Amino acid sequence: EQLQAALRLYERALNLVPVDASLARGRLRARIGTVLHRIPGHGTTPLHDAREAFEEAAELLTSATAAERAENDMNRGLVLQALAGASEARMSDAIAAYHDALRTFTKGEYPTEFAIIHNNLATAYLSVPMTSEHFKMREALAVQSFQQALEVVNIIDHPVEYAMLQNNLGNALQYASASNVLANTRRAVDAYDEALKVRTKQDAPLPYANTIANKANALRYLPDPDAPAVGTPTYAERAIQLYLEAADVFTENGDTERARYCRETAAEIRRDTA
């Protein structure tokens, strides 16, 4: 209701602004796009309306500050990414919008925006279909974007964001189809351990369960360092323990589907190593 009220107020303001007041109209259209992007519901109509608002704002904000134009580009990228997830826009357009924003939102001057954009860029890169010939390159770019975001996000000042980025970096490393799979998997485990410095069972049970399940999946594929040729998974038992612990936490918090998956995977690992 508050978002709908905000939308009505912005539209009233837009009707009061002279047609030739481009900067004021551009700012209002940008705010309207922000509201439309946040309105919950089913379907993508508000997202298409938001996209139209941001694109019109971009044409009107030519005399605005560089930061205002970059913010509009970032928000346009967010909407395009959401529409691309619904197969109603191109992910490449979202990526291009983010790169437009990064021309202004540099690491030194705008660290928060820089980190947000790189996190979203990484997610966009990983959304490229695996069948695409550019997928391997996009995987590497995703890992690079997560790492760049982590250059300005630290565990002291931004613990929640730090944990999220480390968890996402671990996922990107774990599933990257690079040649050095073993090294990437070990780096993924290290990233999950960093995330778990923040994501505790007491303070954030569901994120904690998600991260230990991700770590378990990485551990199950690490070979025995004493017998690499045989490939006996030294870490199999630890992976089983983590999956079962994650299943218990998911169950306690009402996520029975992920709990079932974790228990089934733990049983599968036990069968494979029997």
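Every value quoted in this text rests on a predicted model; they were computed, and no experiment measured them. Sequence order as written defines residue numbering, which begins from 1 separately in each chain. A pLDDT threshold of at least 70 governs which residues receive local features in this predicted model, and a stricter bar of 80 or more applies before side-chain atom pairs are shown or counted, although totals over entire chains, interfaces and linings include all residues. Calculation of side-chain values draws on the structure's entire complement of heavy atoms; hydrogens and water are dropped beforehand.

S.K.: Which residues make up the overall build of the protein, and what are the values?
M.R.: Runs of H or I in DSSP of at least four residues are treated as helices and runs of E of at least two as strands, each being numbered from the N terminus. What the protein contains, in helices and strands, is twelve helices and zero strands. Counting helices and strands in the order they occur from the N terminus, the protein gives α-α-α-α-α-α-α-α-α-α-α-α. When the backbone C-alpha atoms are referred to their principal axes, the protein occupies close to 75 × 40 × 40 Å. Remark: exposure states derive from per-residue accessible area (1.4 Å probe, protein chains only) relative to the maximum for the residue type, with buried under 20%, exposed over 50%, and partly exposed in between. When each of the 274 residues of the protein is scored for burial, the buried share is 42%. By definition in these notes, contact holds between two residues if any of their heavy atoms fall within 4.5 Å. Pairs at least 24 apart in sequence give 54% of the contacts found in the protein among residues at least 6 apart. Note on areas: Shrake-Rupley with a 1.4 Å probe; residue coverage comes only from the protein chains shown. Working note: accessible area of the protein is about 14,700 Å², and carbon and sulfur atoms make up 52% of it. Charged side chains in the protein number 28 positive and 36 negative. The centres of these two groups are separated by 0 Å. When charges are counted, Lys and Arg contribute as positive and Asp and Glu as negative, whereas His and the chain ends are disregarded. Every charge is mapped to an atom, namely NZ of Lys, CZ of Arg, CG of Asp or CD of Glu.

S.K.: Mind laying out the packing of helix H9 (residues 181-195) against helix H10 (residues 205-219), listing which residues take part and the relevant values?
M.R.: Where H9 meets H10, the axes come as close as 9 Å, and the angle between the chain directions of the two elements is 160 degrees. Judged by the angle between their axes, H9 and H10 are roughly antiparallel. The handedness of the crossing between H9 and H10 comes out as left-handed. Here Thr185, Val189, Tyr192, Asp193 and Ala195 of H9 lie close against H10, whose contacting residues are Thr211, Asn214, Lys215, Ala218 and Leu219. Between N-to-C directions, angles span 0 to 180 degrees; the directions come from axes that are lines fitted to C-alpha atoms, helices contributing only their stretch in contact. If an angle is under 35 degrees, it is roughly parallel; if it is over 145, roughly antiparallel; if it lies from 65 to 115, roughly perpendicular; otherwise it is oblique. Handedness of a crossing is defined here by the sense of rotation of the near helix relative to the far one, left-handed for an anticlockwise turn of less than a right angle and right-handed for a clockwise turn.

S.K.: Before we move on, can you summarise the side chain of arginine 199 with the specific residues and values?
M.R.: Mapping arginine 199 onto the fold places it in the loop between H9 and H10. Each salt bridge in this description consists of a side-chain nitrogen of Lys or Arg and a carboxyl oxygen of Asp or Glu lying within 4 Å of one another. It is glutamate 161 that comes nearest to the buried, bridge-free arginine 199 among opposite-charge side chains, at 10 Å. Once you skip the residues sitting within four places of it in the chain, arginine 199 turns out to touch Ala163, Met164, Asn167, Pro207, Tyr208, Asn210 and Thr211.

S.K.: So what about the environment of glutamine 147? Which residues, and what values?
M.R.: Tracing the sequence through the fold places glutamine 147 in helix H7 (residues 135-150). Taking relative accessible area as the criterion, glutamine 147 reaches 32% and is therefore assigned partly exposed. Residues glutamine 147 and leucine 169 lie 22 residues apart in sequence; the distance between their C-alpha atoms is 7.4 Å. Beyond its immediate stretch of four places on either side in the chain, glutamine 147 contacts Leu169 and Arg187.

S.K.: Can you break down the pattern of salt bridges residue by residue, with the values?
M.R.: One side chain can pair with another of opposite charge once the charged atoms of both are near each other. Enumeration over the complete set of coordinates arrives at 17 salt bridges. Here glutamate 55 makes a salt bridge to arginine 51, at a shortest N to O gap of 3.1 Å. Highlighted residues: glutamate 55 and arginine 51, both in helix H3 (residues 45-60), separated by four residues, approximately one helical turn. Three or more residues are tied together by salt bridges with common partners; here these are Asp73, Arg76, Asp100 and Arg103.

S.K.: Give a description of H3 that names residues and reports values.
M.R.: Helices are assigned an expected span. That span is 1.5 Å times one less than the residue count. The first and last C-alpha atoms of H3 sit 23 Å apart over 16 residues, in line with the 22 Å expected at 1.5 Å per residue. What H3 keeps buried is the set Leu47, Ala50, Ala53, Phe54, Ala57 and Leu60. End-on view of H3: buried residues confined to an arc of 140 degrees, all on one side of the axis. Facing away from the buried side of H3, by more than 90 degrees, are the exposed residues Thr45 and Glu59. Against the buried residues of H3 lie helix H2 (22-38) and helix H4 (66-85). Here the arc refers to the directions that run from the helix axis out to each C-beta atom.

S.K.: Any details on the packing of H4 against helix H5 (residues 91-102)? Residues and values, ideally.
M.R.: Interhelical geometry of H4 versus H5 gives an angle of 165 degrees and a closest axis separation of 8 Å. The orientation of H4 with respect to H5, classified from their angle, is roughly antiparallel. Where H4 crosses over H5, the handedness of that crossing is left-handed. The residues of H5 that touch H4, namely those facing Ala70, Asp73, Met74, Arg76, Gly77, Leu78, Leu80, Gln81 and Ala84, are Met91, Asp93, Ala94, Ala97, Tyr98, Asp100 and Ala101. Here the contact of H4 with H5 is composed, by residue class, of ten nonpolar, two polar and four charged. In this classification, the charged set is Asp, Glu, Lys and Arg, the nonpolar set is Ala, Val, Leu, Ile, Met, Phe, Trp, Tyr, Cys and Pro, and all remaining amino acids, among them Gly, are polar.

S.K.: I'd like to hear about the nonpolar core, residue by residue, with values.
M.R.: Only buried Ala, Val, Leu, Ile, Met, Phe, Trp, Tyr and Cys residues count toward a nonpolar core, and they belong to the same one when joined by side-chain atoms within 4.5 Å. Formed by 56 residues in total, the largest nonpolar core has its most connected members in Ile117, Leu121, Leu169, Tyr243, Ala246 and Cys262. Looking at which element gives the most residues to this core, the answer is helix H11 (residues 236-252), with nine residues. If near-sequence neighbours (up to four positions away) are discounted, isoleucine 117 is found in contact with Met74, Tyr98, Ala101, Leu102 and Phe105. If you look at the next biggest cluster of nonpolar residues, it comprises 14 residues, including Ile32, Val35, Ile39 and Leu47.

S.K.: Now, about the layout of surface pockets: what can you tell me, with residues and values included?
M.R.: A 1.4 Å probe that fits into a set of points on a 1 Å grid over the protein atoms alone but cannot get out defines a cavity; an open set with protein on both sides within 12 Å along at least five of seven lines defines a pocket, and lining residues are those with an atom within 4 Å of a point. Grid points are joined across faces, edges and corners, and a volume is the space filled by probe spheres set on the points. Size it by volume and the largest pocket reaches roughly 180 Å³. Every residue lining the largest pocket is listed: Pro111, Thr112, Ala115, Ile116, Asn119, Val152, Val153, His158, Glu161, Met164 and Leu165. Among the secondary structure elements, those contributing two or more residues to the lining of the largest pocket are helix H6 (111-126) and helix H8 (159-175). The greatest single-element share of the lining of the largest pocket, amounting to five residues, is contributed by H6. A per-class count over the lining of the largest pocket returns seven nonpolar, three polar and one charged.

In short, shape yes, function no, at least from these values alone.
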